[in-house]
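# Remarks on the overall topology
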Amino acid sequence: MSLPWFTDSSTGSTPPTRRTGSFYLPPHLRTQPEITVTIPSRYVSRGRRRGGIFQAHRNTANPFDISQKLDDLEITSQDEKNDKQESPMTSNVTAYDDTPVEATGIDIPPPATSFSEIGFSAKALTDNIRRCRYVKPTPIQKYAIPVAMAGRDLMACAQTGSGKTAAFCFPIINAILADKQRNKSSFHNSGAIGMAFPMALILAPTRELTCQIHEEAKKFSHQTGVKVVVVYGGAPIVQQLRNLERGVDILVATPGRLVDMIERSKVSLRNIKYLALDEADRMLDMGFERQVRKIVQQMEMPPPGSRQTMLFSATFPAEIQKLASDFLSNHIFLVAGKVGSSTDLILQRVEFVPDIDKRDYLVNLLHEQKTNKTPAKDSLTLVFVETKRGADALERWLSGKGFPSTAIHGDKIQVERERALKSFKSGRTPILVATDVAARGLDIPHVAHVINFDLPRAVDDYVHRIGRTGRAGKSGLATAFFCEKNVPLAAALVELMQEANQQVPTWLTEYANTSFHGYGKFGGRYQYDDYSNSSRFPDMASAYADPCTTFSSTTDASIYGDPTMITTPFPYDADSCNTGYNNYDPVVATGWD
Ligand SMILES: Nc1ncnc2c1ncn2[C@@H]1O[C@H](COP(=O)(O)OP(=O)(O)OP(=O)(O)O)[C@@H](O)[C@H]1O
């Protein structure tokens, strides 16, 4: 078979070979005066971004590090000024100004152009928005917040890093404060002693993401009296129960730990008025659907119509949209950009790199990064691999080569996961090797480069992975190592890149033309994922239905961190199926919490 990858990665004229020149440079470094690089004009000539995407946002450190202490968030006279003037953050959010938002539904409330036009009734909330230096709403916020504040159910799809968390947190906090005004008496825990009765529930798929949402919601609720509590697996339940006993208005949870607490009669969902599902497509796919249905439909939660439900994600497969309608009542569907599209703030590059050459390629990239003068903590690199074992092996290898690295995956205990993330964020180990456990939702400042060492099998997973960079209006770089086994992804990848105005290598287009068009099983944008629980299989990444494989519809609970997660056996027969992962030794699954 003649394969089109024997062509140059960019022009298609010569075979792809190992890189010889130093043609990689992360975008933030391209602004350094001592470095000369040629950036394709299409990336620098966009009128809407002053100076092009590589120059517009330099020196604007993201002030939204979740580790930031609330006490640091005092409103200063400068902040008051920023409210009126254009600040560095304004220009960042301006990068989304061209994103069209499409709203579908009946009686759609009009969008707002500013936070003041939105008109939060709670001044404390407005103050906190200022403290966070959010000067103007992003497109999804402009549409979603008025819809939510009108009490409407909502399904919202917007690009990674475009501010979906605030889009569901602000209306919830505002509504709780308004409720509090109305019923001054029993705000917290009306009901049985020792049982918590939150008014709002936010569900998210990973422990790290729930912690991040908790931190964000706490910032937005600062000095409002609204109590935000987080519960997630892998951490001692006793402390979480103690936190609940102190009162909770907004509960942020992973599904498994929440079910556990409800079954122990520590939490009741009877008073839930607001339900938000972050990464909603993941929460409703085959990995989580059963548990989420149990929580939403069988555990005393008021039905649709008696509660407000908001679903948010950057990707929303059509099947999941259909499923989601069970949870919604007369909802409005918002799409910022296109469903499942990636932001053009991320420069995407795809290199053809055979498996055997991947480590060399990676080291070349990292060496080139190293020779630039940017402090490591300001240019973090996130490397995605497919398996937990692969993550450990690559991390060890990189460390051995002198690249300070750490790894995160579902077989690590929670303390190790948190340590890895902290070390990465601080820049102590500026390279994080991760499985898909880190693919969704995490907002880590200064991630300049995402490398797909192993590409995922579904393009939606790719969208979330690369979305760890290019956030809040800043630019980022994503490099993917494409090899022969990724051919099924080619068509969807090409389409995605074209939508985001990226330069598509000719060889990739040729692959796309020859490969199965993946709007279904392989590489498709609309598909269900199965998960395995073995270290040598994709960590949360979809385990595609190989014809001879019967995967159980379980999720890697070790990723999601829910010790109570019910799992079914995993009848995978490695010998009789070709999954493309046969280069890893069989490993007995150890990842279940
Ligand atoms: N209006 C705003 N002005 C300035 N910064 C903002 C604004 N809204 C959100 N941000 C910042 O943008 C970053 C990304 O926001 P967020 O994490 O909510 O994105 P997201 O859309 O949920 O991304 P993902 O799809 O990856 O989960 C955060 O650092 C957040 O503080």
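Since the model is a prediction, treat every value here as computed from it, not as a measurement. (Residues numbered from 1 in each chain as written. Predicted model: local features only at pLDDT ≥ 70, side-chain atom pairs only at ≥ 80, totals over all residues. Heavy atoms only, no water.)

### With respect to the site of the ligand
In the region of the ligand, 23 residues are neighbours, and Y134, K164, T165, D443 and R471 sit closest. In the model, an oxygen atom of the ligand is placed 3.2 Å from a nitrogen or oxygen of the G163 main chain. Contributions of two or more residues to the shell around the ligand are made by α3 (88-94) and α7 (164-182). Its residues assigned to classes, the shell around the ligand shows seven nonpolar, nine polar and seven charged. (Near = heavy atom within 4 Å. Polar contact = N/O pair within 3.5 Å; in protein donor to acceptor, adjacent residues only side chain to side chain. Helix = DSSP H or I, 4+ residues; strand = E, 2+ residues; numbered from the N terminus. Nonpolar A, V, L, I, M, F, W, Y, C, P; charged D, E, K, R; others polar.)

### With respect to the confidence of the model for the chain
Confidence along the chain averages 77 in pLDDT terms, with 70% of residues attaining 70 or more. For residues 82-91, every residue scores under 50 in pLDDT, and the model assigns this stretch 16 contacts once sequence neighbours within four places are set aside. Note that residues 518-534 has pLDDT below 50 and, in this model, 83 contacts with residues that lie over four places away or in other chains. For this predicted complex, the interface confidence reaches an ipTM of 1.00, while the overall pTM sits at 0.79. (pLDDT = per-residue confidence, 0-100. Contact = heavy atoms within 4.5 Å.)

### Comments concerning helix α18 (residues 490-499)
Since the α-helix packs 3.6 residues into each turn, any two residues three or four apart lie on the same face. Burial within α18 is extensive, with seven of its 10 residues counted as buried. All buried positions along α18 are accounted for by A490, A491, A492, L493, V494, L496 and M497. Turning to α18, the residues buried within the fold contact β9 (346-352), α17 (459-466), β14 (476-482) and α19 (506-514). Two residues or fewer after α18 comes N501, characterised by a positive phi angle close to 60 degrees. (Buried < 20%, exposed > 50% of the residue type's maximum accessible area, 1.4 Å probe, protein only.)

### Regarding the nonpolar core
Core analysis: the biggest nonpolar cluster contains 51 residues, and F170, I172, I202, F220 and I250 have the highest contact counts within it. Discounting chain neighbours no more than four positions away, the residues touching I250 are I172, I173, I176, A200, I202, V226, K227, V228 and V229. The next biggest cluster of nonpolar side chains, apart from the first, holds 41 residues, and it includes L201, F288, V292 and I320. (Core = buried A, V, L, I, M, F, W, Y, C linked by side-chain atoms within 4.5 Å.)

### Quick look at α17
With eight of eight residues buried, α17 lies mostly within the body of the structure. Along α17, the residues classified as buried are V459, D460, D461, Y462, V463, H464, R465 and I466.

### Section: unusual backbone geometry
Non-glycine residue A472 carries a positive phi angle of around 50 degrees. Tracing the backbone shows A472 in the loop between α17 and β14. Of note, the phi angle at N501 is positive, near 60 degrees, even though the residue is not glycine. Here N501 lies in the loop between α18 and α19.

### Focus: the sheet that holds strand β7 (residues 308-313)
With respect to topology, eight strands assemble into an open sheet ordered β1-β8-β2-β7-β6-β3-β5-β4, the strand pairing being mixed. Edge positions in the sheet fall to β1 (101-104) and β4 (228-231), since each has one partner strand and no second. Here the average twist between neighbouring strands, direction ignored, is 15 degrees. Across four bridges, β4 lies against strand β5 (residues 250-253) in parallel orientation. Bridge pairing in β5 links V228 to I250. Across the sheet, helix α6 (residues 139-149) is in contact with β1, β2 (154-157), β7 and β8 (332-336); its angle to β8 comes to roughly 170 degrees. (Pairing = 2+ DSSP bridges. Axes fitted to C-alpha atoms, helices over the stretch in contact; angles between N-to-C directions.)

### A closer look at the sheet that holds strand β13 (residues 447-452)
In spatial order, the strands read β9-β14-β13-β10-β12-β11; together these six strands make up an open sheet with parallel pairing. Whereas interior strands pair on both sides, the edge strands pair on one side only; in this sheet they are β9 and β11 (405-408). If you compare each strand with its neighbour and ignore which way they point, the axes differ by 20 degrees on average. Bridge analysis of β11 against strand β12 (residues 431-434) gives four bridges, and the strand direction is parallel. Bridge pairing in β12 places S405 opposite I431. Where helix α16 (residues 414-426) meets the sheet, its contacts fall on β10 (380-384), β11, β12 and β13, and the angle it forms with β11 comes to roughly 140 degrees.

### As for the pairing of β7
Most of β7 is tucked away, with six of its six residues classed as buried. Neither face of β7 is left uncovered, since the one carrying Q308, M310 and F312 and the one carrying T309, L311 and S313 both have all their residues buried. Both β2 and β7 contribute to a ladder of four bridges, which runs parallel. Residue C157 lies in a different strand from β7, and its bridge partner there is S313. In terms of strand pairing, strand β6 (residues 274-278) meets β7 through five bridges, oriented parallel. Bridge pairing in β7 places L275 opposite T309.

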